[in-house]
Amino acid sequence: MGFAGSGAFIWTVLMVAAVAAALIYGYMEYQVRMLRTTATKVNAGLLFTSRF
């Protein structure tokens, strides 16, 4: 009837939602990491220090 091929649509929507969720989670983790650490330049490179 009208539901032929709806399985492919559902899988596409699920994959797009999974990718969007992964990107949002990654962005949130990045923000937390940037808020919790500071980077200081030293002669040998960078020194990352926790604020807690």
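Scroll up to find the structure.
To keep things clear, this report deals only with the structure shown in the data block. (Residues numbered from 1 in each chain as written. Predicted model: local features only at pLDDT ≥ 70, side-chain atom pairs only at ≥ 80, totals over all residues. Heavy atoms only, no water.)

What follows is about the overall build of the protein chain. Of the regular secondary structure elements, the protein chain holds 1 helix and 2 strands. Ordered by position from the N terminus, the helices and strands of the protein chain form the series α-β-β. Taking 10 Å as the expected radius of gyration for a compact globule of 52 residues, we find that the protein chain reaches 21 Å, considerably beyond that expectation. Taking all 52 residues of the protein chain together, 0% fall into the buried category. Carbon and sulfur atoms make up 72% of the accessible area of the protein chain, which amounts to about 5,000 Å² in all. (Helix = DSSP H or I, 4+ residues; strand = E, 2+ residues; numbered from the N terminus. Rg over C-alpha atoms; globule rule 2.2 N^0.38 Å. Buried < 20%, exposed > 50% of the residue type's maximum accessible area, 1.4 Å probe, protein only. Areas by Shrake-Rupley, 256 points an atom, 1.4 Å probe, with all protein chains shown as cover.)

This part is about a nonpolar patch on the surface. Among the surface-exposed residues, Phe 9, Ile 10, Trp 11, Val 13 and Leu 14 lie close enough to one another that they form a single nonpolar patch of about 560 Å² accessible area. Mapped onto the elements of the fold, Leu 14 is located in helix α1 (residues 6–36). Its relative accessible area of 46% is what places Leu 14 among the partly exposed residues. (Patch = residues over 30% accessible without salt bridge, like charges linked within 9 Å, V, L, I, M, F, W, Y side chains within 5 Å. Salt bridge = Lys/Arg side-chain N within 4 Å of Asp/Glu carboxyl O.)

In summary, the side chains of a regular strand alternate between the two faces of the sheet. The pairing of strand β1 (residues 37–42) with strand β2 (residues 45–50) spans 6 bridges and is classified as antiparallel. Pairing of Lys 41 across the sheet is with Leu 46, part of β2. If you look at the hairpin formed by β1 and β2, you'll find 2 residues sitting between the two strands. (Pairing = 2+ DSSP bridges.)

Take Ala 44: it is sitting in the loop between β1 and β2. Distance from Ala 44 to Tyr 27, taken between C-alpha atoms, is 29 Å for residues 17 residues apart in sequence.

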